[in-house]
Amino acid sequence: MSLLDDLHWRYATKKMNGVSVQQEKLDYILEAARLAPSSSGLQQYKVIVISDKALLEKIKRIAYDQSQITDCSHLLVFAAWDGYSEERVSQVFNYMMDERGLPRDTMDGYKDTILGLYGPLGQEWQAHHAAKQSYISFGLAIAAAAEQKVDATPIEGFLPDKLDELLQLKGTGYKSTVLLPLGYREAENDWLVNMKKVRTPKAAFVTEMTIADAAVLSDLPVMQSLGSFTRK
Ligand SMILES: Cc1cc2nc3c(=O)[nH]c(=O)nc-3n(C[C@H](O)[C@H](O)[C@H](O)COP(=O)(O)O)c2cc1C
């Protein structure tokens, strides 16, 4: 099966059957999520795994009563940083440099640059930026689940503030962003299972451009090369 076959197979499962997902499959999906690229390699998010039925019952109540929350095998909660700080960014780069056997100050120029750029944009922008990174990981988890023939429902329909309260995320520097219940479809009770997959036609989705289509800008900025911030 190719990736495209897997993506055709998957759908946002509406009814799951409560069957458990094997640990190896769960680990594979989590590993794909962990290997996702992120802006500056900061991995400004993490994944919380919940299979405790009593906790899932509570989460369902703040997720518009969506049955996949309790009929799944495992619920993945993606949670992203609530902001950038010198301490946080340094911690990641120090770890990265240690793992690569490089001096800890290798990335200092780059670190100062991103903190200088993100700082003035405020915490709301920063939390949004971190949340966007978590969606890349979320997307790879969806694809990996499809490859493992594990059903998954992307879920944004929940109250993030309430979930953060329930999971005691407040004060940890993380905010929940999106949910992914993993499990298996109960096809006979799922209205979506046999529906045609509908997407924007390719001609409308993909646009090719050349210089002839671009605007003439007289004020293109002269920017310092990003490479000049990092050690060669
Ligand atoms: C970020 C995101 C949030 C979503 N939230 C929900 C949700 O709360 N409940 C739900 O049943 N489906 C949800 N969906 C599923 C979409 O409706 C679905 O992916 C889309 O209609 C395409 O259909 P398909 O995934 O079956 O191919 C969400 C999808 C994404 C990507």
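Keep in mind it's a predicted model, so treat the numbers as computed, not measured.

This part is about the overall build of the chain. Secondary structure assignment for the chain yields nine helices and four strands. Element order for the chain, N to C, with α for helix and β for strand: α-α-β-α-α-β-α-α-α-β-α-β-α. Viewed in the frame of its principal axes, the chain has a C-alpha envelope of about 60 × 50 × 35 Å. Here the chain, with 232 residues, has 27% of them falling under the buried criterion. Of all intrachain contacts in the chain linking residues separated by at least 6 positions in sequence, the fraction that spans at least 24 positions is 82%.

Our next topic: helix 7 (residues 122-147). Under the 1.5 Å per step criterion, the end-to-end length of helix 7 is 39 Å for 26 residues, consistent within 8% with the ideal 38 Å. For helix 7, the full list of buried residues reads A130, A131, Q133, S134, S137, F138, A141, I142, A144, A145, A146 and E147. Contact partners of the buried residues in helix 7: helix 1 (3-9), helix 2 (23-34), strand 1 (45-50), strand 2 (74-81), strand 3 (151-152) and strand 4 (174-183). At the exit of helix 7 stands K149, carrying a positive phi of roughly 55°.

Taken together, Y11, A12, K14, Q66, T153, P154, I155, E156, G157, V178 and K197 form the complete shell of residues around the ligand. Along the lines of polarity and charge, the residues of the shell around the ligand split into five nonpolar, three polar and three charged.

The subject of this paragraph is the environment of T207. For T207, the position within the fold is in the segment after helix 9 (202-205). Expressed as a C-alpha distance, the spacing of T207 and P154, which sit 53 residues apart in the sequence, is 27 Å.

Bringing the sheet that holds strand 4 into the picture now. Taken together, four strands build an open sheet; the order of strands is 1-2-4-3 and the sheet is antiparallel. The strands lining the two open edges of the sheet, one partner per strand, are strand 1 and strand 3. Sheet topology places strand 2 next to strand 4; eight bridges connect them, and they run antiparallel. Of the residues in strand 4, the one forming a bridge with A79 is S176.

UniProt feature "domain: Nitroreductase" (unreviewed entry): in the numbering of this structure it lies at residues 9-184. Across residues 9-184 one finds 48% helix and 15% strand; the C-alpha atoms that close the span lie 13 Å apart.

With 15 residues, helix 5 (residues 86-100) ought to run about 21 Å at 1.5 Å a step, and its terminal C-alpha atoms sit 21 Å apart, in line with that. Just beyond helix 5, the residue with positive phi is G101, at close to 65°.

With that settled, consider the nonpolar core. In this structure, A141, A145, L179, L180 and L182 are the most contacted members of the largest nonpolar core, which totals 40 residues. Of all the secondary-structure elements, those providing two or more residues to this core are helix 2, strand 2, helix 5, helix 7 and strand 4. Considering every element that reaches this core, the biggest residue donor is helix 7, with eight residues. When near neighbours in sequence (up to four residues on either side) are disregarded, L182 contacts V21, L26, I29, C72, S73, H74, L76, A145, V150 and A152.

Thresholds, definitions, all that
Residues numbered from 1 in each chain as written. Predicted model: local features only at pLDDT ≥ 70, side-chain atom pairs only at ≥ 80, totals over all residues. Helix = DSSP H or I, 4+ residues; strand = E, 2+ residues; numbered from the N terminus. Buried ≥ 20, exposed ≤ 12 C-beta atoms within 10 Å, placed from the backbone. Contact = placed C-beta atoms within 7 Å. Expected span 1.5 Å × (residues − 1). Near = placed C-beta within 6 Å. Nonpolar A, V, L, I, M, F, W, Y, C, P; charged D, E, K, R; others polar. Pairing = 2+ DSSP bridges. UniProt positions renumbered as here; feature names shortened; annotations may be inferred. Core = buried A, V, L, I, M, F, W, Y, C linked by C-beta atoms within 7 Å.

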